[in-house]
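# Tertiary structure, described
Spelled out from the first residue to the last, the chains are:
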Amino acid sequence: MKDIETLQAEFLAVQNQLQSRLDCRDRFPIEQTKTVAGVDLAYWNQEEKEFAVCCIVVIDCHSHEILEKQHSFGEITVPYIPSFLAFRELPLVMETVKKLAISPDVYLFDGNGYLHPRHMGIASQASFALDTPTIGVAKTYFRADGVTECPDVPAAAGSTADIVIQGEIWGKVLRTHDDVKPVFVSVGNYISLASAVWLTMSFVSKESRIPIPTRIADLETHIWRKEYQQ
């Protein structure tokens with residue numbers, strides 16, 4: 001296996017090359033979105049090896065009905081390097097995507113997109129392999145470029161606050177329910193930030209502060225992780 005420094009240099013070159021191809025505009029009118037896929041992964045260690053399961057759940061935008069579920073399981077061989085998470089997760093994500101009978105209009109990732117030192121969070125980097133609009137919705141605040149304080153956001157559901165770094169808006173803090181912890185929305189690719197926030201909010205239910213597609217994908221990862229661990 002290559003050493004960490006070599007991998008980091010290779011990964012950095014890839015992300016720098018992809019960054020110039022980001023397009024933070026709507027590829028199609030967002031109101032025409034019919035299906036959204038939620039993507040999540042869960043990890044565990046076993047016999048000195050690291051494994052993960054990726055789950056993708058496709059949801060109907062209007063009825064919120066589950067249309068399809070797929071998953072893939074495998075050993076993770078790429079070490080964790082901060083800000084290069086996509087290189088660990090993408091192989092399993094793409095393996096799962098290949099199993100889908102439905103081609104989603106948008107992919108929603110439990111993670112970041114543009115809110116990343118090189119604007120290459122998992123949602124952004126995955127978009128080039130998917131050739132589909134992507135959104136990152138993270139549950140915790142990513143402290144990029146030394147910015148440690150999370151912007152304040154009003155307590156009412158639907159309230160937002162800009163995440164401004166280097167004089168540019170990198171994402172939004174979004175309060176999905178009254179007086180609950182916010183989520184952090186950023187563009188992945190091929191979609192505007194306004195549309196990303198609108199679509200995220202449209203999938204919020206009473207049961208959870210995170211949107212339905214990634215919430216169900218998260219629940220699925222726990223089910224399959226337990227299955228494979230046994």
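Coordinates for the structure precede this section.
The sections below set out a description of the structure shown in this document. (Residues numbered from 1 in each chain as written. Predicted model: local features only at pLDDT ≥ 70, side-chain atom pairs only at ≥ 80, totals over all residues. Heavy atoms only, no water.)

## Re the overall build of the protein
- Assigned secondary structure in the protein consists of five helices and eight strands.
- Secondary structure elements of the protein occur, N-terminal to C-terminal, as α-β-β-β-α-β-α-β-β-β-β-α-α.
- Relative to the 2.2 N^0.38 estimate, which gives 17 Å for 230 residues, the radius of gyration of the protein is 17 Å and therefore close to what a compact globule would have.
- Along the first, second and third principal axes, the C-alpha atoms of the protein reach 45 × 40 × 35 Å.
- Within the protein, the proportion of its 230 residues that are buried is 52%.
- In the protein, the share of contacts with a sequence separation of at least 24, taken over all contacts with a separation of at least 6, comes to 64%. (Helix = DSSP H or I, 4+ residues; strand = E, 2+ residues; numbered from the N terminus. Rg over C-alpha atoms; globule rule 2.2 N^0.38 Å. Buried < 20%, exposed > 50% of the residue type's maximum accessible area, 1.4 Å probe, protein only. Contact = heavy atoms within 4.5 Å.)

## Thoughts on helix α1 (residues 4-19)
- The first and last C-alpha atoms of α1 sit 22 Å apart over 16 residues, in line with the 22 Å expected at 1.5 Å per residue.
- For α1, every residue scored as buried is listed here: L7, F11, Q15 and L18. Down the axis of α1, the buried side of the element spans an arc of 60°, and every buried residue falls inside it.
- The elements touched by buried residues of α1 are α2 (86-97) and α3 (122-130).
- N-capping of α1 is provided by D3, with a side-chain oxygen placed 3.1 Å from the backbone N of E5. (Expected span 1.5 Å × (residues − 1). Arc of directions from axis to C-beta. Polar contact = N/O pair within 3.5 Å; in protein donor to acceptor, adjacent residues only side chain to side chain.)

## Quick notes on helix α4 (residues 193-202)
- For α4, the complete set of buried residues consists of L193, S195, A196, V197, L199 and T200.
- Elements that come into contact with the buried residues of α4 comprise β1 (35-46), β4 (106-109), β5 (134-138), β6 (160-165), β7 (168-174) and β8 (183-189).

## Description of the packing of aromatic side chains
- As enumerated under the stated definition, the model contains ten aromatic pairs in all.
- Measuring from centroid to centroid gives 5.8 Å for W44 and F73, while their planes differ by 10°, and the two rings are stacked. Of the two residues, W44 is situated in strand β1 and F73 in strand β3 (residues 66-75); the sequence distance between them amounts to 29 residues.
- Judged by its relative accessible area of 32%, F73 is partly exposed.
- Look at F73 and Y228: their rings are 4.1 Å apart centre to centre, the planes differ by 10°, and that puts the pair in the stacked class. Of this pair, F73 sits in strand β3 while Y228 sits in helix α5 (residues 212-229); the two residues are 155 residues apart in sequence, bridging distant segments of the chain.
- Each residue in the set W44, F51, F73, W224 and Y228 is aromatic and connected to the rest through ring pairs, giving one cluster. (Phe/Tyr/Trp six-rings, centres within 6.5 Å; stacked < 30°, edge-to-face > 60°.)

Note that every value here comes from positions in space, so none of it alone points to a role or purpose.
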